[in-house]
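Notes for the structure review
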Amino acid sequence: ALSFGVAYASTSSNSVAAQATKNACVDGTALLERNKSNVVNYYTRAFNDKEPEDAVDKYVGFDKPGEDLDESGEEHLYIQHNPLAESGAPAFIAFVRSFTASFPNYHVDIRRVIAECDLVVTHAQVTGAEAIWPIGAKVVDIFRLDNDGKIVEHWDVLAPLSPTSANGNPEV
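Read on for a plain summary of the structure. This structure is a prediction, so every number in the text was calculated from the model and none was measured.

This model, assessed by the stated rule, comprises one disulfide. Shown here is the disulfide that connects Cys25 with Cys117, its sulfur atoms set 2.0 Å apart. Of this pair, Cys25 sits in the loop between helix H1 (16–24) and helix H2 (29–48) while Cys117 sits in the loop between strand S2 (107–116) and strand S3 (119–127), and the two are 92 residues apart along the sequence.

So, in structure tokens, the structure goes:
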């Protein structure tokens with residue numbers, strides 16, 4: 001069973017993280033819709049169209065240039081929290097290239113998109129990686145965007161689809 005929880009981390013109002021979130025928080029429907037569109041286009045272009053270089057070029061931004069936020073020893077365009085992928089735009093491109101080469105029929109079907117402040121959440125079903133997920137998988141992705149609507153950070157939760165359902169409702 002998939003257990004999805006949201007952790008609340010408190011930070012002081014003068015911390016770098018709190019300041020960054022405050023600065024990137026967008027107001028208004030138009031900017032939230034821009035962020036949602038950018039995330040959907042990024043994900044679709046990278047995985048479904050198999051064009052991760054173009055996706056990065058168009059939709060990934062700098063996160064506090066000059067800071068090593070994930071303490072890896074290098075500055076990044078893109079902070080990654082998926083334990084199977086390294087941080088950085090080049091690492092994302094390499095990950096997508098490798099994954100889609102192994103699973104050429106891989107497809108992400110985004111069903112829901114929610115935006116608040118500087119975060120966009122997608123709820124999707126993935127298919128085409130039967131060796132890993134015989135009937136597909138459900139995935140929730142969380143993206144953080146900068147003031148310009150560029151993606152700077154990513155988290156995800158992924159699990160195989162269940163073959164049966166006691167309630168008859170789809171998982172995605």
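Moving on, there is more to tell.
Turning our eyes to something else, we now look at the side chain of Gln125. Within the fold, Gln125 resides in strand S3. We classify Gln125 as buried; its relative accessible area is 19%. Those residues in contact with Gln125 that sit more than four places away from it in its chain are His107, Val108, Asp109, Arg111, Ala137, Leu161 and Val172.

Another aspect to go through is the nonpolar core. With 28 residues, the main nonpolar core has Tyr42, Phe47, Phe92, Tyr106 and Ile151 as its most contacted residues. Listed by contribution, the elements that provide at least two residues to this core are H2, helix H3 (52–59), helix H4 (89–102), S3 and strand S4 (137–145). Once residues lying within four places of it in the same chain are set aside, the contact partners of Phe47 are Phe92, Phe95, Val96, Thr100, Tyr106 and Val108.

Per the counting criterion, the structure on display carries 12 aromatic pairs. For the pair Tyr43 and Phe47, a centre-to-centre distance of 5.5 Å together with 85° between the ring planes defines the contact as edge-to-face. Here Phe47 and Tyr43 lie together in helix H2, a separation of four residues that amounts to about one turn. For Tyr43, a relative accessible area of 8% translates into the label buried. Considering the side-chain rings of Phe47 and Phe92, the 6.2 Å spacing of their centres and the 85° angle between planes classify their relative orientation as edge-to-face. Of the two residues, Phe47 sits in helix H2 while Phe92 sits in helix H4, which places them 45 residues apart along the sequence. Grouped by ring-pair contacts, the aromatic residues Tyr42, Tyr43, Phe47, Tyr78, Phe92, Phe95, Phe99, Phe103, Tyr106, Trp133 and Phe143 constitute a single cluster.

Our focus in this paragraph is the packing of H3 against H4. Between H3 and H4, the least distance of the axes is 9 Å, while the angle of their chain directions is 150°. Compared by their axis directions, H3 and H4 come out roughly antiparallel. The handedness of the crossing between H3 and H4 is right-handed. Between H3 and H4, the residues in contact are Pro52, Glu53 and Val56 and Ala89, Phe92, Ile93, Val96 and Arg97, respectively. Looking at the contact of H3 with H4 residue by residue, the class counts come to six nonpolar, no polar and two charged.

Locating His123 in the fold gives a position in strand S3. Reaching out from His123, the side chain makes a polar contact with the backbone oxygen of Glu171 at a distance of 3.4 Å. Other than its neighbours up to four places away in sequence, His123 contacts Asp109, Ile110, Arg111, Arg112, Val139, Val140, Glu171 and Val172.

As for its position among the elements, Asn167 is in the segment after strand S5 (151–160). Using a relative accessible area of 54% as the deciding quantity, one classes Asn167 as exposed. Within the structure, the side chain of Asn167 is placed 2.7 Å from the side chain of Ser165, a separation counted as a polar contact. There is a polar contact of 2.7 Å between the side chain of Asn167 and the backbone nitrogen of Asn169.

Thresholds applied
- Residues numbered from 1 in each chain as written.
- Predicted model: local features only at pLDDT ≥ 70, side-chain atom pairs only at ≥ 80, totals over all residues.
- Heavy atoms only, no water.
- Disulfide = S-S within 2.5 Å.
- Helix = DSSP H or I, 4+ residues; strand = E, 2+ residues; numbered from the N terminus.
- Buried < 20%, exposed > 50% of the residue type's maximum accessible area, 1.4 Å probe, protein only.
- Contact = heavy atoms within 4.5 Å.
- Core = buried A, V, L, I, M, F, W, Y, C linked by side-chain atoms within 4.5 Å.
- Phe/Tyr/Trp six-rings, centres within 6.5 Å; stacked < 30°, edge-to-face > 60°.
- Axes fitted to C-alpha atoms, helices over the stretch in contact; angles between N-to-C directions.
- Parallel < 35°, antiparallel > 145°, perpendicular 65-115°, else oblique.
- Left-handed = near helix turned anticlockwise from the far one by under 90°.
- Nonpolar A, V, L, I, M, F, W, Y, C, P; charged D, E, K, R; others polar.
- Polar contact = N/O pair within 3.5 Å; in protein donor to acceptor, adjacent residues only side chain to side chain.

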